[in-house]
Amino acid sequence: MVLQIDKPPAHDQSKQIHPAVTEKLTDPAWAWAAYQPDAQRPWTLAQAGHLYQRAAFGANWDQLQQALSDGPQRTLDKLLRPQADIAAFNRTYDEYDTGSADSLRAWWLRRMILTPHPLLEKMTLFWHSHFATNSANVKNARLMQQQVQFLRSHALNSYRAMLKGISRDPAMLIWLGAEANRKARPNENFARPLMETFTLGPGNFTEKDVQEAARSFTGWFVLRSQLRYIPREHDGNLKQILGQKGNFTGDDVIRIVLEQRATAQTLVHKLYRWLICETEGPDAELIAPLAKSFAKDYDILKLAEKMLRSNLFFSPVAYHRRIKSPVEFALGIVKPLEGVISTTQLAQDLADLGQNLYYPPTVKGWTGGRHWINSATMVRRHNLALALLKGSGPYGDKLNPWTVAKKHGCSTPESTPRFLIDLFLQGDIEPDVRDALPKIAKASAGADGGDLAEPVRRFAHAIVTLPEFQLA
Amino acid sequence: MSHTRRDFLKAALGASTLLSFASAAPNFLTRSVMAASSRRKERDTVLVVVQLTGGNDGLNTVVPYDDDEYGRNRSTLRLPTKDLHKIGSAMGFHPRMGAFARLYKDGFLSIVQGVGNPNPDRSHEGAMRIWHTADPVRLNRQTGWLGRAADSVWNPNTTNAPAVFVGPIAQPFALNAENVVVPSIRSLGDLTAGQIPGYPNDQSQSKHTSELPRSDKGNSLLDFLQHCTLNTYTNSRRIEEVAKTTANTAEYPSFQLAATFRTVAQLIRADVGIRIFFVEFGGGGIGGFDNHANQLGNHCALLHQLSESVAAFVHDLRRDKLLDRVLLMTFSEFGRTLKENGRRGTGHGSAAPVFLAGGRLKGGLIGPRPSLTDLDNGAPKFHTDFRRVYATVLDRWLGFESRIVLDKQFQPLDVLNV
């Protein structure tokens, strides 16, 4: 006996662009105003899933239901400022003596799964790609651990403090080949990415600015994995950087680059692509108010909050306009299924998908977007999902979609598929595609209705290998 | 739009299916079909790069047997002239490289002599870094030449992996790209879609869902993902088919390197759009070619394995009329010193020969034989910048733009019949 999904879920209308809304989206005032659901733009399961996808690593069923009843702004209160004891959680994880970069990868993934403050980890991952440092060159897991801990402690605080700290971070300086910056031989290896990647962006500085900044940073060394300042190696003479003159130090350079409008614009642009949309834009005009405000205090939490609460965030401009990174793909399977899996194995599998934590390819981090996807990485997504869901092998039986469905009151061959489609895709799937998913058969006609665990595994695998599931 | 893509559309959908979509056909399908008919055939040549890790002794690989300096400086390592496979110009292949000598005589192998770089580094790490980045000046360069090559041909609708590393060690830095994800694989299984046991139709089911048209909500990402998913399962099935039909037909010796070449040949045969394969020989790390002591036996075994494995690869491809699409090149981070070191071994050198194998070679020895009297720190000097070899394979063979990859235009070598 073969049974199908009980009744087709109505296709979510909230994604259709209402003409009036489209016009408003280019108006910065309306775009950045806090989203309040109305008849035209209702608060739906799809919206709740969208929020958890971007501000966290996906949601389980209880979180989705809670979000539906709380509404968007109250859900955001919890995501931005959770009530849990974050400090205690982080302390526990920070104290693990990790030893190797491979175990650091595993601990971080575990933290992403279990954290009471997923937005903090999401933003730490953002900064890990922004201040991308590759452990292969640093060859010192302790320094890598310190760097990511530093990024976490500032991930939702002040970009000013973060940038200053990074300019003195031994792992960063070793990775860039900037561990010796002598007066007689200024080293541009930090000054260049500082301007090109961390702040101003290409085209907003000259070669001369890089050279003068390098002179300002002279005197800083990394000796035996320790940061050292050697005063006699500092060039205290006059420099001219981005139009300003003075006997600048490295800290002055940080101050000067942060005073440039281009820096705030570049960072807002980058965060926009991370939180809202990576397919196009944004127009300079649209993000101008955010950049202006960010330039005043470089308060990251305030900026992220503005973006996440906005009309724009809950509009078609943002919905499904990103491709899940490998981490987002894998945790998007793990989180809804409420299990904790071996993250040592997962870290290696994610490396094969192109996202090797602690080993970003270059100082520019992971480019991502469509670059995540080709037929080799897609077949590996298929195989990773299979390994996670099949109930045996390296990941064991930690993820069991049927158990989760039963826990939430869906135990029949009719209700289980519907539940999983809502859980993983928030019901947003076209009827033809839904009908083509594997049928869930009763394994036997036993008194308990038969064990559906295996067919449900297969059904869940078919969902998470859909093109739709790769969208964030 | 290559033949591959056209084939895959045909295979995956069938002409009639496409027609039946008619008005409902998703945008990407319509676009693909139109592109297939309008665009001329893209190049489908394949490059196979073989890294000989450790610094191969070129002088005992292609031996200048009539040069008195050779015999004088190599009292224990000198290979007997009568055992060499002579190829003219008073050169001969190592006695255990008979297979290379035959390839050479048949025109399937060329030797580029005296390849090196103007800023040689005699440490393994430094020299290898230079070959990988193709940048002898900026030593902390963060991308490899093949990674940049992969990035240079990427476009937003690319769905095939442009390059792969086949092997069990960490991916060589040459493939490090800023943008593109270059996969590392150990076997064909890494590129085929697995199934949940007991559900033999899982794959066709998945393909089925990815084939269905989606209403266009103005989201080009979904279009792209659908296109790629479809291509993924088509490629997977092609690889499975090839693995099934050719598993036992081609003859390869029982070396690890030969098994790797067999995998590469199968992927070429499956025609899944991979343009660059990277293979490592010597074991990673410092590498098996680094023979500071008792070189003779070890080097002999390595060259024999290399020679037999490459020959098996060439014959396999030739049998299937695929050889004309394939060019193989070897490299090693440096050659070795002319004079042996008193421990029956050699020191780190500079220039070394690069071997090219394939069906479209002009053949022969390329470039003059490096002098054994005018030396650079005891080792033969380079006369051909390694980036000229890179420019040759990028421009003339793959049809990429080497200028983008190598920062400037190096003059390609006239070695190919293309």
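### Let's talk about the overall build of chain B
Along its length, chain B carries 13 helices and 14 strands. Counting every position in chain B, which comprises 418 residues, the buried fraction comes to 51%. Partitioning the intrachain contacts of chain B with sequence separation of at least 6 by distance along the chain shows that 73% fall at a separation of at least 24.

### Topic: the overall build of chain A
Along its length, chain A carries 25 helices and six strands. Scaling as 2.2 N^0.38, a compact globule of 472 residues should have a C-alpha radius of gyration of about 23 Å, and chain A matches this with 24 Å. With the C-alpha coordinates of chain A rotated into their principal frame, the extents come out at 85 × 55 × 40 Å. A buried classification covers 53% of the 472 residues belonging to chain A.

### Overview of the interface of chain A and chain B
Taken together, the 45 residues of chain A in the interface contact 48 residues of chain B. Listing elements by their share of the side of chain A that touches chain B, those giving two or more residues are helix H21 (375-389), helix H24 (431-436) and helix H25 (453-464) of chain A. Ranked by the residues each element gives to the side of chain A that touches chain B, the list is headed by H21(A), at eight residues. Partitioning the side of chain A that touches chain B into residue classes produces 17 nonpolar, 16 polar and twelve charged.

### Quick look at the sheet that holds strand E4 (residues 92-93) of chain B
Taken in spatial order, the three strands make up an open sheet running E2-E4-E3 (chain B), and their pairing is antiparallel. Two strands lie at the open edges of the sheet, namely strand E2 (62-63) and strand E3 (85-86) of chain B, each paired on one side alone.

### What to know about the nonpolar core
Core analysis: the largest hydrophobic core is formed by 133 residues, its most contacted members being A:Val268 and A:Ile463. It is helix H16 (residues 261-275) of chain A that provides the largest number of residues to this core, a total of seven residues. Other than its neighbours up to four places away in sequence, A:Val268 contacts A:Ile287, A:Leu290, A:Ala291, A:Phe294 and A:Leu303. Membership of the second largest hydrophobic core comes to 119 residues, among which are B:Val49, B:Met128, B:Phe382 and B:Val393.

### Focus: the packing of helix H7 (residues 101-114) of chain A against helix H10 (residues 141-154) of chain A
Packed helices, taken two at a time, are described by their axes: the angle between them and the distance between them. All names here are of chain A. One can describe the packing of H7 onto H10 by two numbers: an axis separation of 9 Å at closest approach and a directional angle of 25°. Classified by the angle their axes make, H7 and H10 are roughly parallel. Pair H7 / H10 crosses with right-handed handedness. Taking contact as the criterion, the partners of Ala 101, Leu 104 and Trp 108 in H7 are, on H10, Ala 141, Met 144, Gln 145 and Val 148. Tallied by class, the residues present in the contact of H7 with H10 amount to six nonpolar, one polar and no charged.

### Digging into unusual backbone geometry
The linkage connecting A:Gly281 with the following residue, A:Pro282, adopts the cis geometry, with an omega of 0°. Locating A:Pro282 in the fold gives a position in the loop between H16 and helix H17 (284-297). For A:Arg224, which is not glycine, the phi dihedral falls at a positive 45°. With 6 C-beta atoms packed within 10 Å, A:Arg224 lands in the exposed category. Here the phi dihedral of B:Asn294 falls at roughly 45°; this positive angle occurs in a residue that is not glycine. Take B:Asn294: it is sitting in the loop between strand E8 (276-281) and helix H11 (295-319).

### A closer look at the pairing of strand E3 (residues 226-229) of chain A
Residues and elements named next belong to chain A. With four bridges connecting them, strand E2 (residues 220-223) and E3 associate as antiparallel partners. If you follow Val 222 over to E3, its bridge partner there is Leu 227. Count of turn residues in the E2/E3 antiparallel hairpin: two residues, of which Arg 224 carries a positive phi of about 45°.

### Notes on the confidence of the model for chain B
Residue and element names in this part refer to chain B. When the pLDDT values of chain B are averaged, the result is 88; 86% of them are 70 or greater. Here residues 1-40 is a poorly scored stretch, pLDDT under 50, and it has 46 contacts once near neighbours within four places are set aside; other chains count. Of the two predicted TM-score estimates for the complex, the pTM is 0.92 and the ipTM is 0.93.

### Re the confidence of the model for chain A
Scored by pLDDT, chain A has a mean of 93; 93% of the residues are at 70 or more. Predicted confidence is poor over residues 1-17 of chain A, with pLDDT under 50, and the contacts of this stretch with residues over four places away or in other chains come to 36 contacts.

### Considering the pairing of strand E5 (residues 109-116) of chain B
Residues in a regular strand point their side chains to alternate faces of the sheet. All names here are of chain B. Counting buried positions along E5 gives eight out of eight residues, so the element sits mostly inside the fold. Pairing geometry for E5 and strand E10 (residues 352-358), over five bridges, is antiparallel. In the sheet register, Ser 110 faces E10, and the bridge partner there is Leu 356. One ladder, built from three bridges, connects E5 with strand E11 (residues 364-366); its direction is parallel. Paired with Ser 110 across the two strands is Gly 364, which belongs to E11. With two bridges joining them, E5 and strand E14 (residues 384-385) adopt parallel strand pairing. The residue bridging Gly 116 from the neighbouring strand is Asp 385, located in E14.

### Observations concerning the environment of A:Gly243
Residues and elements named next belong to chain A. Relative to the elements of secondary structure, Gly 243 occurs in the loop between strand E4 (239-241) and strand E5 (244-246). A residue is classified by how many C-beta atoms lie within 10 Å of it, and Gly 243, with 8 of them, is exposed. Residues Gly 243 and Asp 209 lie 34 residues apart in sequence; the distance between their C-alpha atoms is 9.0 Å.

### So, helix H12 (residues 386-398) of chain B
Residues and elements named next belong to chain B. Look at H12: 17 Å from first C-alpha to last across 13 residues, which is about the 18 Å you get at 1.5 Å a residue. Of all the 13 residues making up H12, ten are buried; the element is thus mostly covered by neighbouring parts of the structure. By the burial criterion, the buried members of H12 are Phe 386, Arg 387, Val 389, Tyr 390, Ala 391, Thr 392, Val 393, Leu 394, Trp 397 and Leu 398.

### Looking at the packing of H16(A) against H17(A)
Residue and element names in this part refer to chain A. Running from N to C, H16 and H17 point in directions that differ by 120°, and their axes come no closer than 8 Å. One finds that H16 runs oblique with respect to H17. Of the two possible hands of crossing, H16 and H17 adopt the one that is right-handed. Contact with H16, carried on its side by Arg 261, Ala 264, Gln 265, Leu 267, Val 268, His 269 and Tyr 272, involves Ile 287, Leu 290, Ala 291, Phe 294 and Ala 295 of H17 and no other residues of that element. Of the residues assigned to the contact of H16 with H17, the class counts are nine nonpolar, two polar and one charged.

### Focus: the environment of B:Glu251
Mapped onto the fold, B:Glu251 is located in the loop between helix H9 (220-246) and helix H10 (256-270). Remark: the alpha-carbon pair of B:Glu251 and B:Asp316, spanning 65 residues in sequence, is separated by 7.4 Å.

### A short note on the environment of B:Ser220
Residues and elements named next belong to chain B. As for its position among the elements, Ser 220 is in helix H9. Its 16 C-beta neighbours within 10 Å are what place Ser 220 among the partly exposed residues. In this structure, the C-alpha to C-alpha distance between Ser 220 and Ala 161, residues 59 residues apart in sequence, is 20 Å.

Conventions used here
Residues numbered from 1 in each chain as written. Chains lettered and ligands numbered in written order. Predicted model: local features only at pLDDT ≥ 70, side-chain atom pairs only at ≥ 80, totals over all residues. Helix = DSSP H or I, 4+ residues; strand = E, 2+ residues; numbered from the N terminus. Buried ≥ 20, exposed ≤ 12 C-beta atoms within 10 Å, placed from the backbone. Contact = placed C-beta atoms within 7 Å. Rg over C-alpha atoms; globule rule 2.2 N^0.38 Å. Nonpolar A, V, L, I, M, F, W, Y, C, P; charged D, E, K, R; others polar. Pairing = 2+ DSSP bridges. Core = buried A, V, L, I, M, F, W, Y, C linked by C-beta atoms within 7 Å. Axes fitted to C-alpha atoms, helices over the stretch in contact; angles between N-to-C directions. Parallel < 35°, antiparallel > 145°, perpendicular 65-115°, else oblique. Left-handed = near helix turned anticlockwise from the far one by under 90°. pLDDT = per-residue confidence, 0-100. Expected span 1.5 Å × (residues − 1).

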